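Summary of structural features
The residues making up each chain are set out below.
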Amino acid sequence: AAGGARRGVPLCALSVDLHVVDCAARMVMVQEFVNRSGEPLEATYAFPTVASCTISGLKLRIDDRTITGVVKPKHQAKQDYAAATAAGYGACLVEKGGEDLLRVRVGEIQPGARVVVELEGAL
């Protein structure tokens, strides 16, 4: 945003599906955003998890396009995310921020675009 001001991309919907069996659990979290501004934006957010949480899948839907996440070394993932967003493509980066925090970045959300982030994990 102009002058370094930050704009929010509102979370429109959130759902969590959790299946618990004995002492293990599988979860699917779906988050939906819509860029209601007149310029491309990046959504950046973090949320707490348990230390044993392992992300096993990621799908990013931007309008009618679906991107399936790929696990990469941290340095390569950051480079690929930066290159994709600099080129104007939608991209998503998920990183552990310490033992019990996940950080998610969804870049180049075009004006009016509907974005759905689906994270699968094991607890």
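Use the structure listed above.
Reference entry: report on the structure contained in this document. (Residues numbered from 1 in each chain as written. Predicted model: local features only at pLDDT ≥ 70, side-chain atom pairs only at ≥ 80, totals over all residues. Heavy atoms only, no water.)

Digging into the pairing of strand β2 (residues 24-34)
For a regular strand, side chains alternate in direction, first toward one face of the sheet and then toward the other. Sheet topology places strand β1 (residues 11-21) next to β2; 10 bridges connect them, and they run antiparallel. Directly across from valine 21, in β2, lies its bridge partner alanine 24. A loop of two residues connects β1 with β2, the two strands running antiparallel in sequence, and aspartate 22 in this loop sits at a positive phi of about 55°. (Pairing = 2+ DSSP bridges. Helix = DSSP H or I, 4+ residues; strand = E, 2+ residues; numbered from the N terminus.)

Let's talk about the sheet that holds strand β7 (residues 101-109)
With antiparallel pairing, three strands are arranged side by side in an open sheet as β3-β7-β6. Sheet topology places β3 (41-48) and β6 (91-96) at the edges, where each strand pairs with a single neighbour. Neighbour-to-neighbour, the strand axes of the sheet open up by a mean angle of 15°, direction not taken into account. Pairing of β6 with β7 involves six bridges; the strand directions are antiparallel. Its bridge partner lying in β7, alanine 91 is registered against glycine 107. With respect to the sheet, helix α1 (residues 74-86) is in contact with β3, β6 and β7, its orientation differing from that of β6 by roughly 155°. (Axes fitted to C-alpha atoms, helices over the stretch in contact; angles between N-to-C directions. Contact = heavy atoms within 4.5 Å.)

Concerning the environment of arginine 61
As for its placement among the helices and strands, arginine 61 is situated in strand β4 (residues 54-62). Placed 54 residues apart in sequence, arginine 61 and valine 115 show a C-alpha to C-alpha distance of 5.5 Å. Setting aside anything within four residues of it in sequence, one finds arginine 61 in contact with Thr66, Arg114, Val115, Val116 and Glu118.

As for the nonpolar core
Ranked by internal contacts, the top residues of the largest apolar core, which has 20 residues, are Val106 and Val117. One finds Ala77, Tyr81, Ala84 and Leu93 within the second-largest nonpolar core, a separate group that totals five residues. (Core = buried A, V, L, I, M, F, W, Y, C linked by side-chain atoms within 4.5 Å. Buried < 20%, exposed > 50% of the residue type's maximum accessible area, 1.4 Å probe, protein only.)

A short note on the layout of surface pockets
In this structure, the largest pocket occupies an estimated 830 Å³ of space. Lining the largest pocket we find 30 residues, and of these Leu58, Val70, Val71, Lys72 and Val94 sit closest to its centre. Elements represented by at least two residues in the lining of the largest pocket include exactly β4, β5 (65-68), α1, β6 and β8 (114-122). Looking at side-chain class alone, the lining of the largest pocket contains 15 nonpolar, five polar and 10 charged residues. (1 Å grid on protein atoms, 1.4 Å probe; cavity = no way out; pocket = protein on both sides within 12 Å on 5 of 7 lines; lining within 4 Å. Points joined across faces, edges and corners; volume = space filled by probe spheres on them. Nonpolar A, V, L, I, M, F, W, Y, C, P; charged D, E, K, R; others polar.)

Describing the pattern of salt bridges
When the charged atoms of two side chains with opposite charge come close together, those side chains can pair. With the rule as written, the count across this model stands at six salt bridges. In this structure, arginine 61 and glutamate 118 form a salt bridge, with 3.5 Å as the shortest nitrogen-oxygen distance. Taken together, the residues span a long stretch of sequence, with arginine 61 in strand β4 and glutamate 118 in strand β8 at a distance of 57 residues. A relative accessible area of 26% means that arginine 61 is categorised as partly exposed. (Salt bridge = Lys/Arg side-chain N within 4 Å of Asp/Glu carboxyl O.)

Observations concerning unusual backbone geometry
With the exception of glycine, most residues fall at negative phi, and the peptide bonds are largely trans. At aspartate 22, a position not held by glycine, the phi torsion is positive, near 55°. Looking at the secondary structure, you find aspartate 22 in the loop between β1 and β2. For aspartate 22, a relative accessible area of 76% gives the class exposed. In the Ramachandran plot, glutamate 108 falls in the positive-phi region, its phi being about 55° despite a non-glycine side chain. Counting through the fold element by element, glutamate 108 comes out in strand β7.

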